[in-house]
Amino acid sequence: MKKLFFSLLLCLCLPVWAADAPKLDIGKGGQCVEDTQWMRKNHMHLLKHARDDALRLGIRDEKRSLKVCIECHASTRDNSVIARADSFCVGCHKYEAVKLDCFECHSGTRKSAWLAQRNAK
Amino acid sequence: MSDMDMNRRNFLKTSVGAAAVAIAPGMLLYSVAQGKSEGASSKVRWGMLIDTNQCKPGCNDCVTACNNENGLSGETKPTDSQWIRKIDIKDISTGREISLPMMCQHCEHPPCVDVCPTNASMKRADGIVLVDKHRCIGCRYCMMACPYKARSFVHEPLTGQNPDVPRGKGTVESCTLCVHRIDVGGKSACSEACPNKAIMFGDLNDANSEISRKVHSVASVQVRADLRLNPGVRYQGL
Ligand code: SF4
Ligand code: SF4
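Figured I'd write up the structure that's included with this text. Position labels on residues start from 1 in each chain and follow its written sequence. Working convention: letters from A go to chains and numbers from 1 go to ligands, in the order in which they are written. Thresholds applied to this predicted model are a pLDDT of at least 70 for local features of residues and 80 or more for the giving and counting of side-chain atom pairs; totals over whole chains, interfaces and linings are not thresholded and use all residues. Excluding hydrogens and water, the side-chain values take into account all heavy atoms of the structure.

Helix and strand definitions here come from DSSP, where helices need a minimum of 4 consecutive H or I residues and strands a minimum of 2 consecutive E residues; each element is numbered from the N-terminal end. Position of B:Asp164 among the secondary structure elements: in the loop between β6 (152-153) and β7 (172-173). Within polar-contact distance, the side chain of B:Asp164 engages the side chain of A:Lys67 at 2.6 Å. Once residues lying within four places of it in the same chain are set aside, the contact partners of B:Asp164 are A:Lys67, A:Lys111 and B:His180. Throughout this description, a polar contact denotes any pair of N or O atoms lying within 3.5 Å of each other; where both atoms belong to protein, one of them has to be capable of donating a hydrogen while the other can accept it, and for residues adjacent in sequence the pair is counted only when both atoms sit in side chains. Throughout, a residue-residue contact means that at least one pair of heavy atoms, one from each residue, lies within 4.5 Å.

As a further point, take the sheet that holds strand β8 (residues 199-203) of chain B. Residues and elements named next belong to chain B. Only when DSSP finds a minimum of two bridges between them are two strands counted as paired. Strands sit in the order β8-β1-β9 across an open sheet of 3 strands; the sheet is mixed. The open sheet has two edge strands, β8 and β9 (233-236), and neither has a second partner. Across the sheet, the mean angle separating the axes of adjacent strands is 20° when strand polarity is ignored. Alignment of strand β1 (residues 46-51) against β8, held across 5 bridges, turns out to be antiparallel. Bridge pairing in β8 places Gly47 opposite Gly202. Helix axes use the C-alpha atoms of the stretch in contact, all axes being lines fitted to C-alpha atoms, and the angles between their N-to-C directions lie in the range 0 to 180 degrees. Along the sheet, helix α7 (residues 210-217) contacts β1, β8 and β9; its crossing angle with β8, the most-contacted strand, is approximately 110°.

Our next topic: the packing of aromatic side chains. Residues and elements named next belong to chain B. When two rings of Phe, Tyr or Trp (its six-membered ring) have centres within 6.5 Å they constitute a pair, described as stacked for plane angles under 30 degrees, edge-to-face for angles over 60, and tilted for the intermediate range. According to the stated counting rule, one finds 1 aromatic pair over all chains in the structure shown. Plain terms: the ring middles of Trp46 and Phe201 are 5.2 Å apart, the flat faces sit at 15° to each other, and that makes the pair stacked. A residue pair is termed long-range when its members are at least 10 positions apart, and Trp46 in strand β1 and Phe201 in strand β8 qualify at 155 residues. Classification of Phe201 as buried rests on a relative accessible area of 13%. Here Arg140 stacks its cationic end above the ring of Phe153, 3.8 Å away from the centre of that ring. Relative accessibility decides the category of a residue: with a 1.4 Å probe and only protein chains considered, values under 20% of the type maximum give buried, values over 50% give exposed, and everything between is partly exposed. Charges are assigned to positions over rings by a cutoff of 6 Å between ring centre and Lys NZ or Arg CZ, combined with an angular limit of 35 degrees from the ring normal.

To continue, consider the pairing of β1(B). The side chains of a regular strand alternate between both faces of the sheet. Residue and element names in this part refer to chain B. With 6 of its 6 residues buried, β1 lies for the most part within the structure. Here β1 shows no split at all, with Trp46, Met48 and Ile50 on one side and Gly47, Leu49 and Asp51 on the other all buried. Looking at chain direction, β1 and β9 are connected through 4 bridges and run parallel. If you follow Met48 over to β9, its bridge partner there is Val233.

Turning next to the site of ligand 2. Whether a residue is near a molecule or strand is decided by its heavy atoms; if any one of them lies within 4 Å of it, the residue is near. Surrounding ligand 2, one finds 14 residues, the nearest of these being B:Cys116, B:Cys136, B:Cys139, B:Arg140 and B:Cys142. Note that Gly is not counted as nonpolar here; it falls among the polar residues with everything else outside the nonpolar set of Ala, Val, Leu, Ile, Met, Phe, Trp, Tyr, Cys and Pro and the charged set of Asp, Glu, Lys and Arg. Among the residues forming the shell around ligand 2, the class breakdown is 10 nonpolar, 3 polar and 1 charged.

All names here are of chain B. Take Cys66: it is sitting in helix α2 (residues 61-70). By relative accessible area, Cys66 is classed as buried at 9%. Note: C-alpha distance between Cys66 and Val131 (65 residues apart in sequence) is 17 Å. Setting aside anything within four residues of it in sequence, one finds Cys66 in contact with Gly71, Trp83 and Ile84.

Shown next, in the form of structure tokens:
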């Protein structure tokens with residue numbers, strides 16, 4: 001009986017899971033700092049630490065730079081991590097209902113693309 | 001707890017959700033020019049020497065270059081950010097007129113840093129005065145304290161910022177001496193843009209730098225030197 005109950009519960013759960021997990025538009029995935037699961041949980045701590053070092057001490061660590069994160073993870077379609085609902089940052093933050101403040105000031109656009117656009121002007 | 005909640009938790013707890021993330025270890029980063037990793041050094045004192053004899057009235061090239069570099073609109077309404085301004089002054093007794101650019105003077109003893117309640121306004125080891133916008137609450141005390149009227153407040157939401165120059169509504173900002181360029185070995189955009197070479201950028205602490213040799217041999221002054229803030233920006237021919 002217990003077994004049946006759980007398998008029924010599982011059947012109910014799975015489709016919900018499949019429908020809700022965010023499908024992200026990732027320009028370039030892969031691991032460069034830590035593995036995906038670790039980054040999913042801890043990226044905010046890395047960014048916070050790096051921002052204080054970079055701004056206040058002038059220590060600009062390439063691997064922990066928001067700009068470098070964006071350079072890879074921005075969509076190949078619009079060069080952005082925030083432009084659409086499935087963009088790299090927005091996708092999960094929406095799903096987790098966590099407010100994304102970084103881009104009130106920081107650019108969400110791939111720097112190489114931004115520069116190319118400016119130089120074309 | 002509903003199924004939905006459980007799923008949200010699992011998404012963070014397990015790697016099931018990684019289905020959406022293509023895993024391919026060992027991928028290389030695109031190369032983006034970043035700074036040195038050792039950070040700003042107190043052996044360095046960045047500064048500028050502005051030769052007012054070379055600065056032409058009516059020329060606005062340094063201001064335009066600053067606006068382009070840092071993504072300012074270039075508008076001059078009271079609510080628009082201005083990091084550098086051209087100022088024309090006239091000596092009434094002699095009639096002599098001069099034109100000069102004014103920006104944050106990167107004081108050694110900056111009053112803007114003294115008054116900041118959140119430690120957002122700060123001086124880097126190499127003398128560059130910055131606003132840490134992560135901490136700035138937009139109280140604007142620093143704008144009041146600055147004797148040079150060098151700071152601006154961002155009143156409206158911004159988009160399309162330079163990836164190297166984050167700026168945003170509700171924070172105070174001012175000339176950064178183009179810190180993002182300095183950290184990759186460059187110099188300030190205004191000094192590079194001046195067609196008359198009126199702005200010299202360099203390290204005031206390095207006895208062999210061009211700027212050090214020049215301030216050693218020609219007369220230059222600091223604006224409002226009586227305040228004893230020891231600005232890093234000096235003027236010639238004032
Ligand atoms: S010029 Fe003004 S903003 Fe710049 S360091 Fe001095 S007091 Fe601060
Ligand atoms: S406006 Fe920001 S930087 Fe200026 S004094 Fe207030 S908190 Fe400090």
